[in-house]
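So you can see what is in the structure, the chains are spelled out below.
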Amino acid sequence: MNKNTEWQTIIGLEIHAQLATKSKIFSGSSTKYGAAPNTQANAVDLGLPGVLPVINEQAIFMAVKFGLAIGAEIPKKSIFARKNYFYPDLPKGYQISQFELPIVSNGQIEIDIDENNKKIIRITRAHLEEDAGKSNHDDFLNNTGVDLNRAGNPLLEIVSEPDMNNAKEAVNYLKKIHSLVQYLKICDGNMQEGSFRCDANVSIRPIDKEELGIRAEIKNLNSFKFIEAAINYEVDRQIELIESGKKVVQETRLYDPNKNETRSMRSKEEANDYRYFPDPDLLPILITDETKKKIKEEIPELPDIKRKRYISELDLSKYDSNNLTINPDIANYFEETFRITKEAKMCANWIMGDLSASLNKNNINLKDSPVSAKMLGEMINLIKNNTISGKIAKVVFEAMWNGDGNAKEIIENKNLQQVTDSKEIEKIVTETITENKPQVEQYKNSSDEKKQKLIGFFVGKVMKKSKGKANPSQVNELLRKKLDN
Amino acid sequence: MSLDKSEIQNIALLARLTIDEDDIASHCKELADIIDLIEKMNSVDTASIEPLAHPLDLFSRLRTDNVTEKNERENFQANATETKDGYYLVPKVIE
């Protein structure tokens, strides 16, 4: 290949979403994150002889819900298979997964590729499987410690077609699925805790060739930032290899965020030969039309539709509606404040402005915000009815954030009511004019355009004198009246 | 159908079985016989028959999503070869 070859990147993603069930997929052990090692690992999870798996209906329903939301086929009959391999965190020597007849097949989802263009990403299949345990290689001198709390947690593996052509598209697709599973309430989407993780299959080919190149699989990517970096690194690595006359080998690679590189996982280089076969311990699953109908009714308004509605009904910008629909928590928060205030744009500004800033600064989730949607909505209403100015509202918001009570209480306690008494405002305006004679002269001798600018100076002075409490539009009006006389 | 020595060794490796060098020939024959039997079954025309995923023509009963198990780590670990700090210990696995 010569150096001028133009390369096309081909990416397919496998996403593992941990389903938000209370108990494991085949046993009644808890799935709660963060428990002490092996306190949530019982006979079935440990793979003790003589135990039998019993399927958790919620895991099935959640998978069906996902399938319905991506317009996929959900066959009446679905089966589980054994995927055979040996590793200490897989005590049975096989993982119960699905091979033939997965629960969901042939769905699709639309992603934005830039401001104006969209693209369909096909989803080949989504199948149910159990998670493996966790190995701890670091804390024991000559041993590996095995924690089987995670063993048997329900996973939905979502497999895309190789329809993405750069890291950005891959991240957009991933974010879309991440948002969707949270809206459907089938996964908490927590990437730090590993509830939502992804493997990327990456290959390159000359732009004019049909045939796919040899792909590398990058494992266990658990943040959007790392996924983008890992794919970009891997594409550069493959181009460099081929352009220097070498070959890409099919292998599993691990991304190292500290060094920003991917490296080969030699231990897994052995040819994958999982010898799948239907699990004789589990009968097929039947999904009736009735079940599907019932689950379909539980699907809430999904982000794409919500976004369009915010633009068309609430007159919000594309930017605002994108941000307000990223996850159901923020959308619910927004809708609650909107219900109270009927002021979409003001709500959007406060949520994406002061509220987001405070959440980020203190590293708090919206769910745990000290300022509830109700509190924010009530405060916005007090701006609307001129009890406080937008500027004072920032002080009120901060006080609410610090737990000083709701807006009304804070305004009363700190005496922050806007001054709308025109006599009182007039008094301050008159004072200000007397104290700033040179500027008054300047104003009087200025063009209309210049006057417009100078009036701001006076408004500022008056507001400062009134500690921000004077009603700005009244101040403006009075000043003009007096100065233009 | 015949199997060669390396195929037998690979199958044994995948199943983590240690096999005697001397037994390979007989394993070859026995496994080849099984494959022959399957090939014989494959020759039956089943085009009009729906594949069966399980010998019982039934569907799974599903379980309600409730936590029914409690922490029994102590009991389970009493049977383990080696444990520490709540972990099951195995020989070091090098990545």
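Keep in mind that what you see is a predicted model, and the values were worked out from it rather than measured.

Brief notes about the overall build of chain B
Assigned secondary structure in chain B consists of three helices and two strands. When the helices and strands of chain B are listed from N to C terminus, the series reads α-α-α-β-β. Relative to the globule expectation of 12 Å for 95 residues, the C-alpha radius of gyration of chain B, 23 Å, shows a markedly less compact shape. Taken across its 95 residues, chain B has 20% of its residues classed as buried. Partitioning the intrachain contacts of chain B with sequence separation of at least 6 by distance along the chain shows that 30% fall at a separation of at least 24. Roughly 7600 Å² of accessible area belongs to chain B as shown, and the carbon and sulfur atoms make up 53% of that amount. Positive and negative charge centroids in chain B, built from 10 and 20 side chains respectively, lie 9 Å apart.

Regarding the interface of chain B and chain A
Contacts between the two partners involve 39 residues from chain B and, on the opposite side, 53 residues from chain A. With both chains or domains summed, chain B and chain A bury close to 4000 Å², and 58% of this area falls on carbon and sulfur atoms. Linking chain B with chain A are one salt bridge. Across the salt bridge formed by Lys77 of chain A and Glu50 of chain B, the nearest N and O atoms sit 4.0 Å from each other. Secondary structure elements with two or more residues in the side of chain B that touches chain A: α3 (73-77) and β2 (87-91) of chain B. For the side of chain B that touches chain A, the element with the highest residue contribution is β2 of chain B, accounting for five residues. A per-class count over the side of chain B that touches chain A returns 17 nonpolar, eight polar and 14 charged. Here strand β8 (residues 143-147) of chain A runs beside β2 of chain B; their pairing, made up of four bridges, is antiparallel. Opposite Asn143 of chain A, over in β2 of chain B, you have Pro91 of chain B as the bridge partner.

As for a nonpolar patch on the surface
Taken together, the side chains of Ile34, Leu37, Ile38 and Met41 of chain B make up a nonpolar region of the molecular surface, amounting to roughly 380 Å² of accessible area. Checked against the element boundaries, Leu37 of chain B lands in helix α2 (residues 24-42).

Looking at the packing of helix α6 (residues 303-314) of chain A against helix α8 (residues 328-341) of chain A
Residues and elements named next belong to chain A. Between α6 and α8, the shortest axis-to-axis distance is 13 Å and the interhelical angle comes to 25°. Considering their axes alone, α6 and α8 lie roughly parallel with respect to each other. Two packed elements cross with a definite hand, and for α6 against α8 that hand is left-handed. Together, Lys306, Arg309, Tyr310 and Leu314 of α6 and Ala331, Phe334, Glu335 and Phe338 of α8 make up the contact between the two elements.

As for the nonpolar core
All names here are of chain A. In this structure, Phe66, Leu128, Tyr173, Ile177, Met379 and Val396 are the most contacted members of the largest nonpolar core, which totals 104 residues. At nine residues, the largest contribution of residues to this core is made by helix α3 (residues 167-183). With residues up to four places along the chain from it excluded, the contact list for Tyr173 reads Leu13, Ile15, Ile109, Ile111, Ile121, Ile123, Ile158, Ser160 and Met164. One finds Val429, Ile433, Phe458 and Met463 within the second-largest nonpolar core, a separate group that totals 18 residues.

Looking at the sheet that holds strand β9 (residues 154-160) of chain A
Residues and elements named next belong to chain A. Pairing is mixed in the open sheet, where eight strands are placed in the order β5-β6-β9-β1-β10-β11-β12-β13. Single-partner strands in this sheet number two, and they are β5 (104-112) and β13 (261-264). Direction aside, neighbouring strands of the sheet carry axes that sit 30° apart on average. Along the sheet, helix α4 (residues 224-243) contacts β1 (7-18), β10 (196-206), β11 (216-221), β12 (251-256) and β13; its crossing angle with β10, the most-contacted strand, is approximately 25°.

With respect to the pattern of salt bridges
All names here are of chain A. Here the structure, examined in full by the defined rule, presents 39 salt bridges over all chains. Where Lys118 meets Asp112, a salt bridge forms, and the shortest distance between an N and an O atom there is 2.8 Å. Residue classification places Asp112 among the partly exposed positions, given a relative accessible area of 27%. Note that Arg122 and Asp163 form a salt bridge whose closest N and O atoms lie 2.7 Å from each other. Separated by 41 residues along the polypeptide, Arg122 in strand β6 (residues 118-130) and Asp163 in the loop between β9 and α3 bring together distant segments of the chain. Here the salt bridges share partners, and the residues they tie into one network are Glu301, Lys306, Arg309, Glu313 and Glu335.

Section: the environment of Ile121 of chain A
Residues and elements named next belong to chain A. Inspection of the secondary structure puts Ile121 in strand β6. Residues Ile121 and Ser179, 58 residues apart in the sequence, show an inter-C-alpha distance of 15 Å. If near-sequence neighbours (up to four positions away) are discounted, Ile121 is found in contact with Gln108, Ile109, Ile111, Ser160, Asp163, Met164 and Tyr173.

Digging into the confidence of the model for chain B
Close reading of the predicted structure is inappropriate where its pLDDT is low. Looking at chain B, the pLDDT average stands at 91 and 98% of residues meet or exceed 70. Complex prediction metrics read pTM 0.84 and ipTM 0.91.

Considering α4 of chain A
Taking 1.5 Å of rise per residue, 20 residues should cover 28 Å, and α4 of chain A covers 29 Å from first to last C-alpha, within 8% of that figure. Considered for burial, the residues of α4 of chain A that qualify are Phe224, Ile227, Ala230, Ile231, Glu234, Val235, Arg237, Gln238, Ile239, Leu241 and Ile242 of chain A.

Reading the values: rules and limits
- Residues numbered from 1 in each chain as written.
- Chains lettered and ligands numbered in written order.
- Predicted model: local features only at pLDDT ≥ 70, side-chain atom pairs only at ≥ 80, totals over all residues.
- Heavy atoms only, no water.
- Helix = DSSP H or I, 4+ residues; strand = E, 2+ residues; numbered from the N terminus.
- Rg over C-alpha atoms; globule rule 2.2 N^0.38 Å.
- Buried < 20%, exposed > 50% of the residue type's maximum accessible area, 1.4 Å probe, protein only.
- Contact = heavy atoms within 4.5 Å.
- Areas by Shrake-Rupley, 256 points an atom, 1.4 Å probe, with all protein chains shown as cover.
- Lys, Arg positive; Asp, Glu negative; His and termini not counted.
- Charge placed at Lys NZ, Arg CZ, Asp CG, Glu CD.
- Buried area = accessible area lost by both parts, 1.4 Å probe.
- Salt bridge = Lys/Arg side-chain N within 4 Å of Asp/Glu carboxyl O.
- Nonpolar A, V, L, I, M, F, W, Y, C, P; charged D, E, K, R; others polar.
- Pairing = 2+ DSSP bridges.
- Patch = residues over 30% accessible without salt bridge, like charges linked within 9 Å, V, L, I, M, F, W, Y side chains within 5 Å.
- Axes fitted to C-alpha atoms, helices over the stretch in contact; angles between N-to-C directions.
- Parallel < 35°, antiparallel > 145°, perpendicular 65-115°, else oblique.
- Left-handed = near helix turned anticlockwise from the far one by under 90°.
- Core = buried A, V, L, I, M, F, W, Y, C linked by side-chain atoms within 4.5 Å.
- pLDDT = per-residue confidence, 0-100.
- Expected span 1.5 Å × (residues − 1).

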